Amino acid sequence: MRKKLAGLLAGECTPSEELALRRHLGDCPGCAGELEKLESVDGLLDLLEPESPPPGLLNLVMESVEKASANKRRAGRQRPAYRPAGLIKDITVAAAAALAVFWLGGNLCGPVTTSTQGRISGAVTSYMQYTEAAVSLTSQAVSEINSDLFSTAEKLNPAKYETGK
Amino acid sequence: MPETDELIIHKIIQGDTGSFGRLVERYQHQIYNLALRMSGHREDARDITQETFIKVFNSLSAFRFEAGFKTWLYRIASNSCLDYMRRLNRDSARRIERPPEDLPDPLELVPAGGPGPEESIIKRESREAVKKALESLPDAYRLPLVMHHYQGLSYREIASVLDISEKTVGTRLYRAKKMLKDCLTGGDNGEMYAGEKKTGRPSGWRMHAL
């Protein structure tokens, strides 16, 4: 019951609770005395009056906020999700590497040449040779795979392939 | 018609940092006084208030609009108060060296035709005693008491801020007031200066555990 007295002072009781408490207080000097003491505590607390914040507080907060906001923007610029300059740089490096491979290809695999024409010719020749060899190897590998697949299918279903023969 | 907190927050999130000043202006008085009653020092209260608003600004993108801004703000402010005081307690050297809060000279408070110098001194001492008694309360009791008595928050609002039930809020407020009463008067047998609520030195005036 006594715990509800603070709620009564705070105006947090429902009308029915308040009615019951008021009735009880009329009959119970102990609770009535307790309520009086709680009221006195409220009076003491009122001695501490609200104070105004220091005048420069708003500016202080806004300065910090502006600084934090600027840091966020700077951090956002340093780590963008999409970096066009970086992408162009990467493509350029890749293109230069590819050119170097072609350029040196003739020298590494063919006769030693010093003239630009000779280098180009060597690079193109190497390219053609390697391309031709690669195409030939691929074609041979595909033929072998087809042949293996056909043999396996024939073994699994000989009747189907007999009619076809 | 004043802008709602939520509308201001939308503007800030969209990049209008300047609008944050309106939120600070709106709530700085309440947050500063919460911090002042929790820390007991103006300098600390200023730092806590500043820290609170900076935290609020940095977390605005995480604010869920279904929750009230005031509740959210008070939650951050309460945590800032508790964090700050924990840091301060760790730094015990600073606590010892801390000078007492300079209250206004009681003689300067005496208005013409008002209470005499003696009464003003008594009032000042009473204020200081209440301030110390309040500071001696455990945080779990002091926070709801300050929010309710000085900030005018309802049981429901306090319950929401502290994430406790309204019944617990009521219990803590009752116990906080009982502790204050015991602290200032020396328990149930001590005589509170009832009838002299705002002025005068109480008979049986005692300050325990301060």
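Residues numbered from 1 in each chain as written. Chains lettered and ligands numbered in written order. Predicted model: local features only at pLDDT ≥ 70, side-chain atom pairs only at ≥ 80, totals over all residues.

**Observations regarding the overall build of chain A**
Here is the rule: Secondary structure counts use DSSP, requiring at least four H or I residues in a row for a helix and at least two E residues in a row for a strand, with both numbered from the N terminus. For every residue, the other C-beta atoms within 10 Å of its own C-beta are counted; 20 or more classify it as buried, 12 or fewer as exposed, and values in between as partly exposed. C-beta atoms are placed from the backbone. Contact definition: two residues whose C-beta atoms, as placed from backbone geometry, lie within 7 Å.
Scanning chain A from terminus to terminus reveals seven helices and zero strands. The buried share of chain A, taken over its 165 residues, is 10%. Considering only contacts within chain A whose residues lie at least 6 apart along the sequence, 26% involve residues at least 24 apart.

**Some details on the overall build of chain B**
A count of helices and strands for chain B gives nine helices and zero strands. Moving toward the C terminus, one meets the helices and strands of chain B in the order α-α-α-α-α-α-α-α-α. When the 210 residues of chain B are sorted by exposure, 34% land in the buried category.

**Brief notes about the interface of chain A and chain B**
To be explicit about the condition: Basically, the charged four are Asp, Glu, Lys and Arg, the nonpolar ten are Ala, Val, Leu, Ile, Met, Phe, Trp, Tyr, Cys and Pro, and anything else, Gly included, counts as polar.
With 32 residues of chain A at the interface, the matching set in chain B holds 37 residues. Contributions of two or more residues to the side of chain A that touches chain B are made by helix H1 (3–10), helix H3 (29–45) and helix H4 (57–78) of chain A. When residues of the side of chain A that touches chain B are assigned to their parent elements, the largest contribution, 10 residues, is made by H4(A). Residues that form the side of chain A that touches chain B fall into these classes: 19 nonpolar, six polar and seven charged.

**Things to note about the nonpolar core**
Residues and elements named next belong to chain B. In plain terms, the rule: What we call a nonpolar core is a set of buried Ala, Val, Leu, Ile, Met, Phe, Trp, Tyr and Cys residues whose membership is set by joining through C-beta atoms within 7 Å.
Ranked by internal contacts, the top residues of the largest apolar core, which has 53 residues, are Leu 34, Ala 35, Ala 77, Ala 133, Met 147 and Leu 180. For this core, the leading source of residues is helix H2 (residues 20–39), giving 10 residues. Those residues in contact with Ala 35 that lie beyond four places of it in its chain are Asp 44, Ala 45, Ile 48, Thr 49, Ala 77 and Cys 81.

**Points about unusual backbone geometry**
All names here are of chain B. Even without being a glycine, Asp 163 presents a positive backbone phi close to 55°. Tracing the chain through its elements places Asp 163 in the loop between helix H8 (155–162) and helix H9 (166–185). With 8 C-beta atoms counted inside 10 Å, the residue Asp 163 sits in the exposed group.

**Regarding helix H7 (residues 139–149) of chain B**
Most of H7(B) sits inside the fold, with nine of its 11 residues counted as buried. If you check which residues of H7(B) are buried, you get Tyr141(B), Arg142(B), Leu143(B), Pro144(B), Leu145(B), Val146(B), Met147(B), His148(B) and His149(B).

**Structural notes on the environment of Ser64(A)**
Along the chain, the position of Ser64(A) falls in helix H4. Looking at Ser64(A), the number of C-beta atoms within 10 Å reads 16, which means it is partly exposed. Excluding residues that lie within four positions of it along the chain, Ser64(A) makes contacts with Gln50(B) and Ile54(B).

**Here's the deal with the confidence of the model for chain A**
Worth spelling out the cut-off: As a per-residue measure, pLDDT tells how confident the predictor is, with possible values from 0 to 100.
Looking at chain A as a whole, its pLDDT mean stands at 78, while 76% of the residues score no less than 70. No element of chain A has a lower mean pLDDT than helix H7 (residues 158–164) of chain A, which averages 64, and none a higher one than H3(A), which averages 89.

**Concerning the confidence of the model for chain B**
Residues and elements named next belong to chain B. With 77% of its residues at a pLDDT of 70 or more, chain B shows a mean pLDDT of 81. Within chain B, helix H5 (residues 92–97) has the poorest average pLDDT of any element, 56, and H2 the best, 96. The low-confidence segment residues 189–210 (pLDDT under 50) makes 47 contacts with residues lying over four places distant or belonging to another chain. Across the whole predicted complex the pTM is 0.64, and at the interface the ipTM reaches 0.76.

**Some words on the packing of helix H3 (residues 42–59) of chain B against helix H4 (residues 69–90) of chain B**
Residue and element names in this part refer to chain B. For clarity, the cut-off: Every angle, taken between N-to-C directions, lies between 0 and 180 degrees, and every axis is a line fitted to C-alpha atoms, over only the stretch in contact when it is a helix. For classification, angles of less than 35 degrees are called roughly parallel, those exceeding 145 degrees roughly antiparallel, those between 65 and 115 degrees roughly perpendicular, and all remaining angles oblique. Whether a crossing is left-handed or right-handed is set by the direction in which the near helix is turned from the far one by less than a right angle, anticlockwise for left-handed and clockwise for right-handed.
Relative to each other, H3 and H4 sit at 130°, their axes nearing to 9 Å. Taken as axis vectors, H3 and H4 run oblique relative to one another. For the crossing formed where H3 meets H4, the hand is right-handed. Judged by residue contacts, Asp 44, Asp 47, Ile 48, Glu 51, Thr 52, Lys 55 and Val 56 of H3 engage Leu 73, Ile 76, Ala 77, Ser 80, Cys 81 and Tyr 84 from H4.

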